[in-house]
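Tertiary structure, described
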Amino acid sequence: DALLFAALAGSGPVQTPVAGALDSLGGNPGMAAAINGLQLLDPSQIPAVLEALNPTRANAQAIAGFALGDILREQLGRRGHDLLGGSAGAGDGMAQMSLAGAQLASSDPTAEMLASAAAAAAAAEGADEAAKAAASLPNGYGLHFAGDFAWTKTDQPGAIGEDEADVQALTGGLDYSDGKGSVMGAALSYLTAEVDQIYGFGGQTESDGLAISAFGATRMGKITADIYGSVGWLSYDTTRRLLVAPATFATATGVTDSVQAQAGANFSAELASHSSLRLSAIGGLHYIGLNIDGYTETGAGALSAVLPDREVESLKGLLGAQIALRISSNDSIVPFLRVQWAHEFSDDGLATSAAFSGAPTVSFTSPGPELGEDWATLGAGFSGRLSPRTNIYLRYQGDFGRDGQDNHGVSAAARFAF
């Protein structure tokens, strides 16, 4: 007797759509041989077989694209602010100057008050020079380089397992600083990602590509703002291991491409300063859009998947605070700690339709991960100036408390003026 796949699938969101499609295709000549092979399997194997037949690799492509977009966001967004030395400021010097002015404005200044005013003015000059050293780039052009590595884990629907991804980006570019707190430039990035399927019978998605970007940042008193935009081209190679008959495995492979566009803006506003500590409000809004071409897998005969063209979007907001520490008045390296609340505004799911190549007109749902809309982002590192023409940036950042996903990454960047 023929197996009814739906009766053996359970209620999982990954297995059930595939079972329904197979049961509806029992009389389809293009699927007959493939279904007969599956009918020979032990019924206890069917749930795992159905799980593997659902092409969730399509989700890995979107996850890889978003992860690479987040790296570019960090490289092009607040990176400009931090290379400007935005974690530092001139507040200490201004406070000292105010103290000196108050003392000198006294109607009957004593010798002690005059001496104190002179000391305050000298301290202000020193503090301002230290702040300027950390807060301004030399007038002219510079080469900037950045390298990022991030790792992420994404839970799959129905708690069947997770995807583990490693993503990297190398960026180099040219920028111009007006020497007054503004910088603009362009960059070229090489992007690469590898996603391992830690469930079913295994699989992998590899991606690489290029992106071109433009960015700018400016500082106006205690407020720093930056904007960026980027267009990237990514290619994907996917593999899935399928059990198609007793003791018989097949490897389904797919190749596709995508175009990725993103843009965003950030701000930082100093709220308070005390001694060597400085507290700032920070935030930003970031958009990523992916257009992934459809493709048909090969290697698994009629059970190879057919995926349509897809559009996936993300609109993410960040709002929080940063604490920066000046170790001494002469230090131009400024450690910082930042905490932000993140919210995903886009309600687009990662689910897509799919079909078997033996019956491409009969589609079923390939569900996507259910990711939380709110989470916390923690970052720590330092930015500053090694020499009159060399600025650096180093940071760790992690996402915490997001349902369905963990993200962590490290960044390093430098700018060399000429």
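Keep in mind that this is a model prediction, so the values were computed, not measured.

The next subject is the environment of phenylalanine 201. Considering the arrangement of structural elements, one finds phenylalanine 201 in the loop between strand E3 (182-198) and strand E4 (203-220). Expressed as a C-alpha distance, the spacing of phenylalanine 201 and valine 49, which sit 152 residues apart in the sequence, is 8.4 Å. Here phenylalanine 201 is in contact with Ala48, Val49, Ala52, Arg241, Leu243 and Phe249, once residues within four sequence places are set aside.

Its 20 residues give helix H5 (residues 57-76) an end-to-end C-alpha distance of 29 Å, which sits within 8% of 28 Å, the value for a rise of 1.5 Å per residue. When you tally the buried positions in H5, you get 19 out of 20 residues, the bulk of the element.

Sheet architecture is closed into a barrel: 12 strands sit in the order E1-E2-E3-E4-E5-E6-E7-E10-E11-E14-E15-E16, paired in antiparallel fashion. Averaged over all pairs of adjacent strands, the angle between strand axes in this sheet comes to 15°, irrespective of strand direction. Pairing of strand E10 (residues 310-325) with strand E11 (residues 333-344), which is carried by nine bridges, proceeds in the antiparallel orientation. Residue alanine 324 lies in a different strand from E11, and its bridge partner there is phenylalanine 336.

To continue, consider the pattern of salt bridges. Tallying each qualifying case throughout the model produces 10 salt bridges. The salt bridge involving arginine 395 is made with glutamate 74; its shortest N-O contact spans 3.7 Å. Taken as a pair, arginine 395 in strand E15 (residues 390-400) and glutamate 74 in helix H5 lie far apart in primary sequence, 321 residues in all. Here arginine 395 and glutamate 74 have matching classes, each one buried. Residue arginine 240 pairs with glutamate 297 through a salt bridge whose shortest N-O separation is 2.6 Å. Of this pair, arginine 240 sits in strand E5 (residues 223-245) while glutamate 297 sits in the loop between strand E8 (295-296) and strand E9 (305-307), and the two are 57 residues apart along the sequence.

What follows covers the sheet that holds E9. Strand order across the open sheet formed by four strands is E8-E9-E12-E13, with antiparallel pairing between neighbours. Each having just a single partner strand, E8 and strand E13 (359-366) make up the two edges of the open sheet. Judged from the two bridges that link them, E8 and E9 form a sheet pairing that is antiparallel. Following the sheet pairing, threonine 296 is matched in E9 by valine 306.

Within the fold, glutamine 262 resides in strand E6 (residues 248-274). Judged by its relative accessible area of 5%, glutamine 262 falls in the buried class. Here the side chain of glutamine 262 touches glycine 69 through a polar contact of 3.0 Å, landing on its backbone oxygen. Glutamine 262 has contacts with Gly69, Leu72, Arg73, Tyr228, Gly229, Ser230, Tyr287 and Ile288, leaving out every residue within four places of it along the chain.

Let us look at the packing of aromatic side chains. By the definition in use, this model includes seven aromatic pairs. Ring geometry for phenylalanine 201 versus phenylalanine 249: centroids 5.5 Å apart, planes at 80°, classification edge-to-face. Taken together, the residues phenylalanine 201 in the loop between E3 and E4 and phenylalanine 249 in strand E6 connect sequence positions 48 residues apart. Using a relative accessible area of 23% as the deciding quantity, one classes phenylalanine 201 as partly exposed. Three or more aromatic residues link up through ring pairs in this structure, and these residues are Tyr141, Tyr176 and Phe418. Between arginine 241 and the ring centre of phenylalanine 249, over which it is positioned, the NZ or CZ distance is 3.8 Å.

Let's shift gears to the nonpolar core. Ranked by size, the top nonpolar core spans 33 residues in total, and within it Leu22, Met31, Leu303 and Phe356 carry the most contacts. Elements with a contribution of two residues or more to this core: helix H2 (15-24), helix H3 (32-39), helix H4 (46-53), E5, E6, E9, strand E12 (352-356) and E13. Here this core gets five residues from one element, more than from any other, and that element is H4.

All right, on to a nonpolar patch on the surface then. Among the surface-exposed residues, Tyr141, Leu143, Phe145, Leu174, Tyr176, Met184, Phe416 and Phe418 lie close enough to one another that they form a single nonpolar patch of about 810 Å² accessible area. In terms of residue count, the dominant contributor to the nonpolar patch is strand E1 (residues 140-155) (three residues). Relative to the helices and strands, phenylalanine 418 is located in the segment after strand E16 (405-417). Looking at phenylalanine 418, the relative accessible area reads 55%, which means it is exposed.

About the criteria used
- Residues numbered from 1 in each chain as written.
- Predicted model: local features only at pLDDT ≥ 70, side-chain atom pairs only at ≥ 80, totals over all residues.
- Heavy atoms only, no water.
- Helix = DSSP H or I, 4+ residues; strand = E, 2+ residues; numbered from the N terminus.
- Contact = heavy atoms within 4.5 Å.
- Expected span 1.5 Å × (residues − 1).
- Buried < 20%, exposed > 50% of the residue type's maximum accessible area, 1.4 Å probe, protein only.
- Pairing = 2+ DSSP bridges.
- Axes fitted to C-alpha atoms, helices over the stretch in contact; angles between N-to-C directions.
- Salt bridge = Lys/Arg side-chain N within 4 Å of Asp/Glu carboxyl O.
- Polar contact = N/O pair within 3.5 Å; in protein donor to acceptor, adjacent residues only side chain to side chain.
- Phe/Tyr/Trp six-rings, centres within 6.5 Å; stacked < 30°, edge-to-face > 60°.
- Lys NZ or Arg CZ within 6 Å of the ring centre and 35° of its normal.
- Core = buried A, V, L, I, M, F, W, Y, C linked by side-chain atoms within 4.5 Å.
- Patch = residues over 30% accessible without salt bridge, like charges linked within 9 Å, V, L, I, M, F, W, Y side chains within 5 Å.
- Areas by Shrake-Rupley, 256 points an atom, 1.4 Å probe, with all protein chains shown as cover.

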